[in-house]
Amino acid sequence: MVILETDPSVARATARAHLVNYLRAPNYQNNLLRSGFDESDWADPKQASDRLVDALVAWGDVEDPLVQAHLDAGANHVCVQALRADTTPASASGRPSPS
């Protein structure tokens, strides 16, 4: 997941809003435990730790080398899920879906 936002407070708030359901799921929690996080990182899923948020969601500007870093580390495919503060699902055009 990526967010095109350079303000850490805005980026992390957007990320937290999208991560809430994942952080409530036992299968994701178990994976996070195996990855070196602990339950204090998501004790309140709406207030997940900065450390956890920053590890799960990349944020910054379009010049951020994150995708290239994954490729350099050996990935042969990088899938990017773009998030935005407006959580209304987007249509294929990228515009919010009509209500």
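Scroll up a little and you will see the structure.
Summary of the structure given here. (Residues numbered from 1 in each chain as written. Predicted model: local features only at pLDDT ≥ 70, side-chain atom pairs only at ≥ 80, totals over all residues. Heavy atoms only, no water.)

**Topic: the overall build of the protein chain**
Rules: Runs of E in the DSSP output that reach at least two residues are strands. Runs of H or I that reach at least four are helices, and both are numbered from the N terminus. Between two residues, a contact is recorded if the distance between any of their heavy atoms is within 4.5 Å.
Looking only at helices and strands, the protein chain features four helices and three strands. Reading the secondary structure of the protein chain in the N-to-C direction produces β-α-α-α-β-α-β. Long-range contacts, defined here as pairs at least 24 residues apart, represent 56% of the contacts in the protein chain between residues at least 6 apart.

**Things to note about helix H1 (residues 8-24)**
Each α-helix winds once per 3.6 residues, and so residues spaced three or four apart point in a common direction. Our working rule: The span expected for a helix works out to 1.5 Å for each residue beyond the first. Each residue is assigned a bend, namely the angle between axes fitted to the seven residues that terminate at it and the seven residues that start at it. Burial here depends on accessible area, computed with a 1.4 Å probe over protein chains only, as a share of the maximum for the residue type. Under 20% is buried, over 50% is exposed, and the range in between is partly exposed. Two N or O atoms form a polar contact when they lie within 3.5 Å of each other; inside protein one atom must be a possible hydrogen donor and the other a possible acceptor, and for residues adjacent in sequence the pair counts only when both atoms belong to side chains.
Taking 1.5 Å as the rise per residue, H1 with 17 residues should run 24 Å; its terminal C-alpha atoms sit 23 Å apart, in good agreement. Along H1, the sharpest kink reaches roughly 45 degrees, centred on His 18. Inspection of H1 places Ala 11, Arg 12, Thr 14, Ala 15, Arg 16, Leu 19, Val 20 and Leu 23 among the buried residues, and these make up the whole buried set. Residues of H1 that are buried in the fold lie against strand S1 (2-4), helix H2 (26-34), helix H3 (50-56) and strand S2 (58-60). Of the residues that open H1, the one with a side-chain oxygen 2.8 Å from the backbone nitrogen of Ser 9 is Asp 7.

**Some thoughts on the packing of H1 against H2**
So the rule is basically this: What counts as an axis is a line fitted to C-alpha atoms, over the stretch in contact for a helix, and the angles between N-to-C directions run from 0 to 180 degrees. Roughly parallel here means an angle under 35 degrees, roughly antiparallel means over 145, roughly perpendicular means 65 to 115, and every remaining angle is called oblique. Polar here means any residue outside two lists: the nonpolar Ala, Val, Leu, Ile, Met, Phe, Trp, Tyr, Cys and Pro, and the charged Asp, Glu, Lys and Arg; Gly therefore counts as polar.
Two elements in contact, H1 and H2, have axes separated by 5 Å at closest approach and are oriented at 90 degrees. One way to sum up the angle between H1 and H2 is to call them roughly perpendicular. Across the interface between the two elements, Tyr 22, Leu 23 and Arg 24 of H1 pack against Pro 26, Tyr 28, Gln 29 and Leu 32 of H2. Among the residues making up the contact of H1 with H2, the classes are represented as five nonpolar, one polar and one charged.

**Observations regarding the sheet that holds strand S3 (residues 82-83)**
For clarity, the cut-off: Strands are labelled as partners when DSSP assigns at least two bridges between them.
Read across the open sheet, the three strands follow the order S2-S1-S3; overall the sheet is parallel. Each of the sheet's edge strands pairs with one partner strand only, and the pair in question is S2 and S3. Sheet analysis places S1 next to S3, joined by two bridges and oriented parallel. Directly across from Val 2, in S3, lies its bridge partner Ala 82.

**A look at the pattern of salt bridges**
Stated precisely, the cut-off is as follows: Should a side-chain nitrogen of Lys or Arg be within 4 Å of a carboxyl oxygen of Asp or Glu, the pair is scored as a salt bridge.
Throughout the structure, instances matching the rule amount to four salt bridges. Taking the shortest distance from any N to any O, the salt bridge between Arg 16 and Asp 50 comes out at 2.5 Å. Within this pair, whereas Arg 16 is found in helix H1, its partner Asp 50 is found in helix H3, the two being separated by 34 residues in sequence. A residue is classified by how much of its surface remains accessible, and Asp 50, at 38% relative accessible area, is partly exposed. For Asp 41, the salt bridge is made with Arg 51, and the minimal N-O distance between the two is 2.8 Å. Here Asp 41 is found in the loop between H2 and H3, whereas its partner Arg 51 is found in helix H3, with 10 residues between them in sequence. Asp 41 gets classed as buried once you look at its relative accessible area, which sits at 6%. One network of salt bridges, with partners in common, ties together Arg 12, Arg 16, Asp 50 and Asp 54.

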